[in-house]
Amino acid sequence: MAKSSFINKHNFAYKLCLFILFSLLSIVCSNNTYAHQAPYSVAYLDISPNKVVMELHIPLSELELAVGYRLSENPETLYEEKKDQLKSYILQHTQAFIKGAKPWSVDLNNLELIKDEQVTSGPAFWELKAYLTLIPPIGENTRHFFLHYDGVVHQVANHIIFVVVRNDWETGRSDSLTAESNPMNIRIGGDNLVHPLEINLDEGSNWTGFKNIFELGMRHIKDGTDHLMFLLVLLLPSPLIVRKKKWSTFGGVSFSLKALLKIITAFTIGHSITLLLGAAGWFIAPSQIIEILIAVSILISAIHAITPLFPGKEFFISGGFGLIHGMAFASVLSEMNLSGSSLALSILGFNIGIEVMQLLVVLIVFPWLILLSRTKHYKYFRIAGAVLAITSSIAWILERSTGTPNFLTEFIANEYTHAIWLIIALAVSSIALYYLNKKNNIHRKVYSSNI
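Procedures and definitions
- Residues numbered from 1 in each chain as written.
- Predicted model: local features only at pLDDT ≥ 70, side-chain atom pairs only at ≥ 80, totals over all residues.
- Heavy atoms only, no water.
- Core = buried A, V, L, I, M, F, W, Y, C linked by side-chain atoms within 4.5 Å.
- Buried < 20%, exposed > 50% of the residue type's maximum accessible area, 1.4 Å probe, protein only.
- Helix = DSSP H or I, 4+ residues; strand = E, 2+ residues; numbered from the N terminus.
- Contact = heavy atoms within 4.5 Å.
- Phe/Tyr/Trp six-rings, centres within 6.5 Å; stacked < 30°, edge-to-face > 60°.
- Pairing = 2+ DSSP bridges.
- Expected span 1.5 Å × (residues − 1).
- Bend = angle between axes of the 7 residues up to and from the residue.
- UniProt positions renumbered as here; feature names shortened; annotations may be inferred.
- Axes fitted to C-alpha atoms, helices over the stretch in contact; angles between N-to-C directions.
- Salt bridge = Lys/Arg side-chain N within 4 Å of Asp/Glu carboxyl O.

1. Looking at the nonpolar core
Logical step 1: Counting residues in hydrophobic clusters, the biggest one holds 58 residues, and the most contacted among them are Ile213, Leu333, Phe350, Val362, Phe366 and Leu369.
Logical step 2: Elements represented by at least two residues in this core include exactly helix 4 (206–223), helix 5 (225–235), strand 12 (246–250), helix 6 (253–279), helix 7 (287–306), helix 8 (314–334), helix 9 (340–372) and helix 10 (378–402).
Logical step 3: Counting residues per element, this core draws most heavily on helix 9, which supplies twelve residues.
Logical step 4: If we skip the residues at most four places from it in the chain, Ile213 touches Trp169, Leu333, Met336, Ser346, Gly349 and Phe350.
Logical step 5: Ranked by size, the runner-up nonpolar core spans 41 residues in total, among them Ala43, Met54, Ala96 and Ile161.

2. A few points about the packing of aromatic side chains
Logical step 1: Across all of its chains, the model carries ten aromatic pairs by this definition.
Logical step 2: The interplanar angle of 25° and the centroid separation of 6.2 Å between the aromatic rings of Phe407 and Phe411 together place this pair among those described as stacked. Taken as a pair, Phe407 and Phe411 lie in helix 11 (residues 407–415) at a separation of four residues, close to a single helical turn.
Logical step 3: Residue classification places Phe407 among the exposed residues on the basis of a relative accessible area of 62%.
Logical step 4: Overall, Phe411 belongs to the partly exposed group, its relative accessible area being 44%.

3. Here we look at the pairing of strand 12
Logical step 1: Bridge count for strand 11 (residues 240–243) against strand 12 is three bridges, and the pairing is antiparallel. Bridge assignment links Leu240 to a residue of strand 12, and that residue is Phe250.
Logical step 2: Counting the residues in the hairpin turn of strand 11 and strand 12 gives two residues, including Lys244, whose phi is positive at 50°.

4. Looking at helix 9
Logical step 1: Taking 1.5 Å of rise per residue, the 33 residues of helix 9 would be expected to cover 48 Å, and the 48 Å separating its terminal C-alpha atoms lies within 8% of that figure.
Logical step 2: At Val365, helix 9 shows its largest kink, close to 30°, and the proline Pro367 lies no more than four residues downstream.

5. So, the UniProt feature "transmembrane region" (unreviewed entry) in the protein chain
Logical step 1: Here the UniProt feature "transmembrane region" (unreviewed entry) sits at residues 224–242, 263–284, 290–310, 315–333, 345–371, 380–398 and 418–436.
Logical step 2: Secondary structure within residues 224–242 divides into 58% helix and 16% strand; the distance between the first and last C-alpha atoms comes to 31 Å.
Logical step 3: Between the end C-alpha atoms of residues 315–333 there is a gap of 26 Å, over a span that is 100% helix and 0% strand.

6. Observations concerning the sheet that holds strand 3 (residues 94–97)
Logical step 1: On the basis of which strands lie adjacent, the open sheet formed by three strands has the order 3-6-10 and antiparallel pairing. The open sheet has two edge strands, strand 3 and strand 10 (197–200), and neither has a second partner. When strand polarity is set aside, the average angle formed by the axes of neighbouring strands in this sheet is 25°.
Logical step 2: Relative to strand 6 (residues 144–149), strand 3 is paired through four bridges, and the arrangement is antiparallel. Bridge assignment links Phe97 to a residue of strand 6, and that residue is Phe146.

7. Observations concerning the pattern of salt bridges
Logical step 1: Scanning the entire structure with this criterion turns up eight salt bridges.
Logical step 2: Of the charged contacts, one joins Asp168 and Arg143 as a salt bridge, the two residues approaching to 2.8 Å between their closest N and O atoms. A residue pair is termed long-range when its members are at least 10 positions apart, and Asp168 in strand 7 (residues 160–168) and Arg143 in the loop between strand 5 (125–135) and strand 6 qualify at 25 residues. In terms of burial, Asp168 and Arg143 fall into one category: buried.
Logical step 3: Ionic pairing is found between Asp223 and Lys222, a salt bridge with its closest N-O pair at 3.8 Å.
Logical step 4: Through salt bridges with shared partners, a single network forms among Asp46, Glu55 and Arg166.

Spelled out as structure tokens, the structure:
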């Protein structure tokens, strides 16, 4: 009887521990984003018509349990010593195939050790990142295949590998690892085996891929506050002529349109060149430096809007800064790991999307600038707009240099969705001030003729 009571108490304690454990796991998993730490790895898949690029993130604390040496004790030194063995390990545990067909070729492009930060509070942790390319045999596509990756999980029974289709060019699908997403997973089965994961994607096409990239280009400008601010601040003085090294009066509709055409064309040529170079992987600049230079381009253009720094040569500046903005555009495509025809179509679609959105912005803003620049009030509007751009650019330079958001950058990000009301206010005030100015001129002429 006493023994039975002891067993019951023991079972109760065991169940209570399990309950607490699962409750804690539920709390962790209910966060908006996965903590990205042990006991799971993540495999991000970038899928294009002719290849699959897989980016593996493996926590070192889990990896060492599988490979048998304590990497986390002295990560950087041991990583250098064991680098070749780790490469072999990753390749040995990665396969892709279609049932009944030849296995795909698997290449390990790069391996790196990084110190990552946990999303939830806690110490930083080390993880191994591996970049692999999986290529099907000629005649097979990448829409339906089996991924057999069992790194760590073949030795660590509770390890889980989350598999996320980060980019799928043919359908425009993109995802990330969050609590809202629905990642696939690889784990040890009830038969103590790790089975291949079936990747079965919806049918796509080159047209769908092109259309999605075109929309991505449009969204990149629509949501890119800094790109839009650079463009608008460069347009501010374009309807004006320069007299005595100062911005003077309206130069005429033809003069304004020619200036606009030169600026837009030069910017397009500039960013198209670096977009092509960056997307093809021929030239990739550090993203932090590019982002800082974009903010600097706004600062210089805003000062030019107050006092002419390079009158009549705006298109040179527009083209030069276009080269910098193009490098930022290229980072969007380079992250998709495209090649061949899908890369060529993406560069074309993304660039056309950018141009269409830029043209739309110019069409809904520039007519009001022309109208307002024919009044004496334009000076105050131009200077106020330039000061706003200078303030924003300095805030962005600080944020991008330090990696820390500040009050102004957060304010701009939060209030950007209301920018349409600024354009409506610009349109209404431009019309009102134009007709008020016209009425005053008529009265002035009548008064002068009566004298």
